[in-house]
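Structural description and commentary
Spelled out, the chains give:
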Amino acid sequence: MTPKQREDFLQQLLALHAELTGKTPLRIEPNRTDEARVGGDEDEQPLNEMMQAIASSRNRNTDGTLARVVKALGKLREDPDSFGDCEECGDEIPMGRLKAMPYAEFCVACQNNKDGPKGPVRRKHLTDYKG
């Protein structure tokens, strides 16, 4: 990786850091603050709870991404020659992956191993689940 590419990634990471730290956590106010109060729309409360769960998940994702951005910035500052190397196998992370996610820690193969199999396990025979 050239010094120019490292500088470009540094600028991209700094911009991403500024964006993530500038966001305020999402919060959805409960629509029923008193247990005795019952709203006119019985679907309102479950919908509101679902929106709270989505906001909570987005906040966790933002925090996780911010931590990875900070780690990548530290790596660029402390050991710039190792920036862009997979932390698992040591191979170079493909440039396209780094451009999309400059905070990527693993190459595609190692990330796939880390994530595990995708999708549900399919039953092959009717007798597979007999106990």
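Residues numbered from 1 in each chain as written. Predicted model: local features only at pLDDT ≥ 70, side-chain atom pairs only at ≥ 80, totals over all residues. Heavy atoms only, no water.

Brief notes about helix α1 (residues 3–22)
When the terminal C-alpha atoms of α1 are compared, their 28 Å separation across 20 residues agrees well with the 28 Å that a helix rising 1.5 Å per residue should span. Every buried residue of α1 is accounted for by Arg-6, Phe-9, Leu-13, Leu-16 and Leu-20. Down the axis of α1, the buried set is contained in an arc of 90°. They therefore lie on one face. Facing away from the buried side of α1 by more than 90 degrees, the exposed set consists of Pro-3, Lys-4 and Gly-22. In this structure, the buried residues of α1 make contact with α2 (44–78) and α3 (95–100). (Helix = DSSP H or I, 4+ residues; strand = E, 2+ residues; numbered from the N terminus. Expected span 1.5 Å × (residues − 1). Buried < 20%, exposed > 50% of the residue type's maximum accessible area, 1.4 Å probe, protein only. Arc of directions from axis to C-beta. Contact = heavy atoms within 4.5 Å.)

Quick notes on the nonpolar core
One finds Leu-13, Val-69, Phe-83, Cys-86 and Tyr-103 to be the most contacted residues of the largest nonpolar core, which totals 17 residues. Elements with a minimum of two residues in this core: α1 and α2. Residue contacts for Tyr-103: discarding those within four places in its chain leaves Leu-13, Leu-16, Thr-65, Arg-68, Val-69 and Ala-72. (Core = buried A, V, L, I, M, F, W, Y, C linked by side-chain atoms within 4.5 Å.)

Topic: the side chain of Arg-6
With respect to the secondary-structure elements, Arg-6 resides in helix α1. Every residue in contact with Arg-6, bar those within four places of it in the chain, is listed here: Met-1, Leu-76, Pro-80 and Asp-81.

Section: the packing of aromatic side chains
All chains considered together, the criterion is met by one aromatic pair. Geometrically, the ring pair formed by Phe-9 and Phe-83 is tilted, given 5.7 Å between the ring centres and 50° between the ring planes. Of this pair, Phe-9 sits in helix α1 while Phe-83 sits in the loop between α2 and α3, placing them 74 residues apart in sequence. The same class applies to Phe-9 and to Phe-83, which are both buried. (Phe/Tyr/Trp six-rings, centres within 6.5 Å; stacked < 30°, edge-to-face > 60°.)

Here we look at the environment of Leu-76
Inspection of the secondary structure assignment puts Leu-76 in helix α2. In this structure Leu-76 comes out as buried when scored by relative accessible area, which is 10%. Between the alpha carbons of Leu-76 and Leu-10 there is a distance of 7.3 Å; along the sequence they are 66 residues apart. Those residues in contact with Leu-76 that sit more than four places away from it in its chain are Arg-6, Phe-9, Leu-10, Leu-13 and Phe-83.

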